[in-house]
Amino acid sequence: MDKKRIVVIGGGAGGLELVRKLGTYFSAKDTEIMLVDKNRTHLWKPLLHEVAAGSLDANLDEVGYGGHGVKWGYRFFYGTFHSINRNKRLITIAPLKDQNGEEIIKAHDIYYDYLVIATGGVSNDFSIRGVSTNALFLEQRAHADEFRAKLLNECFKVSLQVDSGHKDAHVDVVIVGGGATGVELAAELYNAAKSLKNYGLEDFDESRLRVSLIEAGQRILPSLPEKLASTAKKELSLMGVTIHTSTVVSEVGKTQITTSDGRKINSSLTLWAAGVKGADYLSELDGLETDKLSRLVVDEFLQTSLDERISAIGDCASFIPKTADRPLHPRAQAAHQMAKAVFVNLCAKIEKKPLQEFIYKDNGSIVSLSRFFTIGSLMGNLIRGDMAIEGRLARVAYWSLYRLHLLAIHGLLRGLTLILIGHVNRIVRPKLKVH
Ligand SMILES: Cc1cc2nc3c(=O)[nH]c(=O)nc-3n(C[C@H](O)[C@H](O)[C@H](O)COP(=O)(O)OP(=O)(O)OC[C@H]3O[C@@H](n4cnc5c(N)ncnc54)[C@H](O)[C@@H]3O)c2cc1C
């Protein structure tokens, strides 16, 4: 039998779990597993708002692909994918440059027998003026680090101003997008601001922070039941967040944003979290079909509609369940379920067995308002219908999502050890990262 090669592009919520499963399953067999990622480390995306606010030190939760690959039987290749030649079954990796822009490795090709694209999503700026130049995003660790550094600078500036008699000085943060990312970040910022005075900013507390949350729709958290969304709205308002619903941003400037009805809202920092789409280059991948948000259209087996050798999972895939009329929302649980399904089907292809249809099970959504409150709705196997949860139960459900991800990428023993270490770290390490 010829040696086969499965290449997975993107080691995120879906891709990393997939290569671990494939590497473990095929370790002693004639199939090589390769992961390509444009970063050298993985950080679970739903942690990014905590990294941005400074309440989580990303160094402790990052996973290096090199070491992970050695442990779980796959090869890691560091590089940015941008095109495919489907006839020759080659993907092209862009030239690798160092910090000074000097080329270290030239552009080159990697052969595949089966390819899985798991490159996640990018922020949708809807071509609104000023977003790409003046707003920050939360797509990867570097973005979260940039936000935290800028936020700290603003807080230091205000603390000094207060110290020198400017009693009204404050930091204006505008978050555009009232979905889970925007809501979670708004709450996390207040949680972090509460502690800043213990970290050298004696004249700063949460009353110096003014967060505006802007949502184009009629209410925040459209994916949650209305009752839960209004609870979240009440809690956010109590913290001090100003919520603007039915408000469309028409321009993002350096120090203020403009809305379509002509209002101006001051902003020292603007975070854009108004929606996710596939990266633009996906619509130019050797004729593969994409939807209007540049996501790769996949069939019931998660294969791209025009090429059975190429699958797509997670935020970059456009999969419409038979019971729905639109593609799945970009969520970690969808990426996780798709990774499991593609694993089964890749094994089936190599072992020449029948493929299994992907059936998505919505287990609900949980939104954390930092230490203040957690809300969500549970659905699926354990209960009938939809059950709203709040408080401690919701908090446990929220934290179990990350724990399950750790078990999925590290296995039971290592995963449980890391969960334990995480607990200890949360107790013994500083509550805030101010560097
Ligand atoms: C702040 C925040 C909070 C969230 N909270 C939740 C939540 O509570 N619950 C939930 O279900 N979902 C949540 N999400 C959404 C969830 O994180 C995503 O749906 C999930 O991570 C998608 O998984 P993925 O594998 O498709 O992509 P990702 O996890 O985004 O991984 C994509 C990977 O591809 C790599 N990559 C990208 N482009 C290239 C390229 N050209 N070449 C090589 N590598 C590339 C990236 O480096 C990355 O490693 C949240 C997202 C954010 C930003």
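Residues numbered from 1 in each chain as written. Predicted model: local features only at pLDDT ≥ 70, side-chain atom pairs only at ≥ 80, totals over all residues. Heavy atoms only, no water.

J.: Talk me through a nonpolar patch on the surface; I want residue IDs and the actual numbers.
T.: Judged by side-chain polarity, Leu-420, Val-424, Ile-427 and Val-428 come together as a nonpolar surface patch covering roughly 420 Å² of accessible area. Structurally, Val-424 is set in helix α10 (residues 391–428). We classify Val-424 as partly exposed; its relative accessible area is 43%. (Patch = residues over 30% accessible without salt bridge, like charges linked within 9 Å, V, L, I, M, F, W, Y side chains within 5 Å. Areas by Shrake-Rupley, 256 points an atom, 1.4 Å probe, with all protein chains shown as cover. Salt bridge = Lys/Arg side-chain N within 4 Å of Asp/Glu carboxyl O. Helix = DSSP H or I, 4+ residues; strand = E, 2+ residues; numbered from the N terminus. Buried < 20%, exposed > 50% of the residue type's maximum accessible area, 1.4 Å probe, protein only.)

J.: Please set out the site of the ligand residue by residue, giving values where relevant.
T.: By nearness alone, 30 residues border the ligand, and Gly-14, Asp-37, Phe-81, Asp-315 and Ala-332 come closest of all. Here a nitrogen atom of the ligand and a backbone polar atom of Phe-81 are 3.0 Å apart. Calculation on the ligand without its partners gives an accessible area of 1000 Å², and the protein chains cover 89% of this total. Taken together, the elements giving at least two residues each to the shell around the ligand come down to α7 (180–195) and α9 (332–350). No other element matches α9, which puts 3 residues into the shell around the ligand. Tallied by class, residues from the shell around the ligand come to 11 nonpolar, 13 polar and 6 charged. Composition of the shell around the ligand by domain shows at least three residues from each of domain 1 (4–123 + 276–362) and domain 2 (131–272). (Near = heavy atom within 4 Å. Polar contact = N/O pair within 3.5 Å; in protein donor to acceptor, adjacent residues only side chain to side chain. Nonpolar A, V, L, I, M, F, W, Y, C, P; charged D, E, K, R; others polar. Domains from an automatic or database assignment.)

J.: Account for the domain arrangement of the protein, naming residues and giving values.
T.: In terms of domains, the protein is made up of domain 1 (4–123 + 276–362), domain 2 (131–272) and domain 3 (365–428). If you average the C-alpha positions of domain 1 and of domain 2, the two centres end up 32 Å apart. With 17 residues of domain 1 in contact, the opposing surface of domain 2 contributes 17 residues. Taken together, both faces of the contact between domain 1 and domain 2 bury some 1400 Å²; the carbon and sulfur share is 60%. Its largest share of buried area at the contact with domain 2, domain 1 owes to His-49, Ala-52 and Ser-123, together 38% of the area lost on that side. On the surface where domain 1 and domain 2 come into contact, there are 1 salt bridge. The residue Arg-141 makes a salt bridge to Glu-62 at a minimum N-O spacing of 2.9 Å. (Contact = heavy atoms within 4.5 Å. Buried area = accessible area lost by both parts, 1.4 Å probe.)

J.: I'd like a rundown of unusual backbone geometry, residues and numbers included.
T.: Backbone geometry follows two general trends: most residues other than glycine have a negative phi, and most peptide bonds adopt the trans configuration. Although it is not a glycine, Phe-126 adopts a positive phi angle of roughly 50 degrees. Summarising the element assignment, Phe-126 is placed in the loop between β12 (122–123) and α5 (131–134). For Ser-127, which is not glycine, the phi torsion reads 55 degrees and is therefore positive. With respect to the helices and strands, Ser-127 occurs in the loop between β12 and α5.

J.: Kindly report on the environment of Lys-97, identifying the contributing residues and their values.
T.: On the secondary structure map, Lys-97 appears in strand β8 (residues 96–97). Placed 18 residues apart in sequence, Lys-97 and Gly-79 show a C-alpha to C-alpha distance of 9.7 Å. Not counting chain neighbours up to four residues away, the residues in contact with Lys-97 comprise Glu-102, Glu-103 and Ile-104.

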